Amino acid sequence: MSGPDPETGTPPATGATEAGLAGASGRGVAGGGGSDVPQLVGRAGAQIFFPSRERYHDLLAELQVEGFEMLADLCGVDYLTHPGRTLPAGVEPERFEVAVVLRRLDPPGMVRIRVQVPESDPVLASAWDLYPGAEAMERECFDMFGIRFVGHPDLTRILMPEDWEGHPLRKDYGVGRVPVQFKEAPGPR
């Protein structure tokens, strides 16, 4: 593996071959997975894919064939109060984003996937059929942000009670108040 790309100064992606890494706005990992998906290269050299919602599940399947056998993380992000962020050309920012980290163990490698999810239709295909470990992470994302995962086997709340209203990690969720009882306060004994 060689040093940074001479044209862009970008370090090679972890575990990617020189042929698979095409620079900061390149396409594809070694073998061609995700070659039609907009990309950036992250700080640690990991490739970041920005698929459309429609392309997301197919990209996961392609990367799994490429050897990315572990879904290490899946979480939601609400950009309501922070609309400006780095996105490649052609990717329109939405209020919500689902961020996924996939890892390859041999040879070691990592890719990130960031999918834009609109507030008006917060729905994304489930990764559960490809990565069964995503089950709890998708439930947490649904519970905290209200993003629904189509094809999930049990999309129910995981942290909040079933009758809870709203999604607590949304930036516009009301903080609310819980009355505090002090020791000196009269009350039932």
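Each value, and the rule that gives it
- Residues numbered from 1 in each chain as written.
- Predicted model: local features only at pLDDT ≥ 70, side-chain atom pairs only at ≥ 80, totals over all residues.
- Heavy atoms only, no water.
- Core = buried A, V, L, I, M, F, W, Y, C linked by side-chain atoms within 4.5 Å.
- Buried < 20%, exposed > 50% of the residue type's maximum accessible area, 1.4 Å probe, protein only.
- Helix = DSSP H or I, 4+ residues; strand = E, 2+ residues; numbered from the N terminus.
- Contact = heavy atoms within 4.5 Å.
- Pairing = 2+ DSSP bridges.
- Polar contact = N/O pair within 3.5 Å; in protein donor to acceptor, adjacent residues only side chain to side chain.
- Axes fitted to C-alpha atoms, helices over the stretch in contact; angles between N-to-C directions.
- pLDDT = per-residue confidence, 0-100.
- 1 Å grid on protein atoms, 1.4 Å probe; cavity = no way out; pocket = protein on both sides within 12 Å on 5 of 7 lines; lining within 4 Å.
- Points joined across faces, edges and corners; volume = space filled by probe spheres on them.
- Nonpolar A, V, L, I, M, F, W, Y, C, P; charged D, E, K, R; others polar.

A.B. asks: I keep staring at the nonpolar core and nothing clicks. Help me out?
C.D. replies: A general tendency of soluble globular proteins is for nonpolar side chains to be buried together. Tyr-56, Leu-71, Leu-74, Val-98, Leu-102 and Ile-113 are the most contacted members of the largest nonpolar core, which has 29 residues in total. Those elements giving two or more residues to this core turn out to be helix H1 (53-65), strand E3 (70-78), strand E4 (96-105), strand E5 (108-117) and helix H2 (134-145). No other element matches the five residues that H2 contributes to this core. If we ignore the near neighbours within four places in the chain, the residues touching Val-98 are Leu-74, Cys-75, Ile-113, Arg-114, Val-115, Val-117, Leu-124, Cys-141, Ile-147 and Phe-149.

A.B. asks: Which parts of the structure should I look at to understand the pairing of E4?
C.D. replies: The side chains of a regular strand alternate between the sheet's two faces. Where burial is concerned, most of E4 is hidden: eight out of the 10 residues are buried. With eight bridges connecting them, E3 and E4 associate as antiparallel partners. Each residue of the ladder has a partner; that of Asp-78, found in E4, is Phe-96. Looking at chain direction, E4 and E5 are connected through 10 bridges and run antiparallel.

A.B. asks: For this particular structure, what's the right way to read the side chain of Gln-39?
C.D. replies: Inspection of the secondary structure assignment puts Gln-39 in strand E1 (residues 39-41). Residue classification places Gln-39 among the buried residues on the basis of a relative accessible area of 4%. At 2.8 Å, the side chain of Gln-39 forms a polar contact with the side chain of Gln-47.

A.B. asks: Just checking my understanding: could you explain the side chain of His-167 for this structure?
C.D. replies: Following the sequence through the fold, His-167 ends up in the segment after strand E7 (148-150). At 3.4 Å, the side chain of His-167 forms a polar contact with the backbone nitrogen of Gly-146. Discounting residues that sit within four places of it in the chain, His-167 has contacts with Phe-142, Asp-143, Met-144, Phe-145, Gly-146, Arg-157 and Tyr-173.

A.B. asks: Is there a simple way to think about the sheet that holds E4 in this case?
C.D. replies: Paired through their backbone hydrogen bonds, the strands of a sheet run either parallel or antiparallel. Reading across from one edge, E1-E2-E5-E4-E3 is the order of the five strands in this open sheet, with mixed pairing throughout. Two strands bound the open sheet, and with one partner strand each, they are E1 and E3. Strand-to-strand twist in this sheet, taken as the mean axis angle between neighbours without regard to direction, amounts to 20°. Strand direction decides the pairing type here: strand E2 (residues 47-49) and E5, joined by three bridges, are parallel. Within the sheet, the bridge partner assigned to Gln-47 lies in E5 and is Val-111. Against the sheet, H1 makes contact with E2, E3, E4 and E5, and its axis sits at roughly 170° relative to E5, the strand it touches most.

A.B. asks: Please clarify how H1 should be interpreted in this entry.
C.D. replies: In an α-helix, one turn spans 3.6 residues; hence positions three or four apart end up facing the same way. Buried residues of H1: Arg-55, Tyr-56, Leu-59, Leu-60 and Leu-63, and no others. Tucked inside the fold, the buried residues of H1 contact E2, E3, E4, E5 and strand E6 (123-125). In the segment just after H1, Gly-67 is the residue with positive phi, at about 110°.

A.B. asks: Looking at this structure, how should I read the confidence of the model for the protein chain?
C.D. replies: In this model, the protein chain carries a mean pLDDT of 83, and residues with pLDDT of at least 70 account for 77%. Below pLDDT 50 for its whole length, residues 1-28 participates in 61 contacts with residues either more than four positions away or in separate chains.

A.B. asks: I'm lost on the environment of Asp-143 in this one. Help?
C.D. replies: Residue placement: Asp-143 occurs in helix H2. Residue class for Asp-143 comes out buried when judged on its relative accessible area of 0%. Along the sequence, Asp-143 and Arg-157 sit 14 residues apart, while their C-alpha atoms lie 5.0 Å from each other. Once residues within four sequence positions are removed from consideration, Asp-143 is found in contact with Arg-157, Ile-158, Leu-159, Met-160, Gly-166, His-167 and Pro-168. Looking at Asp-143, its side chain comes within polar contact range of the main-chain nitrogen of Ile-158, at 3.2 Å. A polar atom in the side chain of Asp-143 sits 2.7 Å from the backbone nitrogen of Leu-159.

A.B. asks: Which parts of the structure should I look at to understand the layout of surface pockets?
C.D. replies: Leftover empty space is mapped by rolling, across the atoms, a probe with the size of a water molecule. Approximately 170 Å³ is the volume attributed to the largest pocket. As for the largest pocket, its lining consists of 13 residues, and the residues nearest its centre are Pro-51, Ser-52, Arg-53, Glu-54 and Gln-116. Counting only elements with at least two residues in the lining of the largest pocket, the list comes to H1 and E5. A per-class count over the lining of the largest pocket returns six nonpolar, three polar and four charged.

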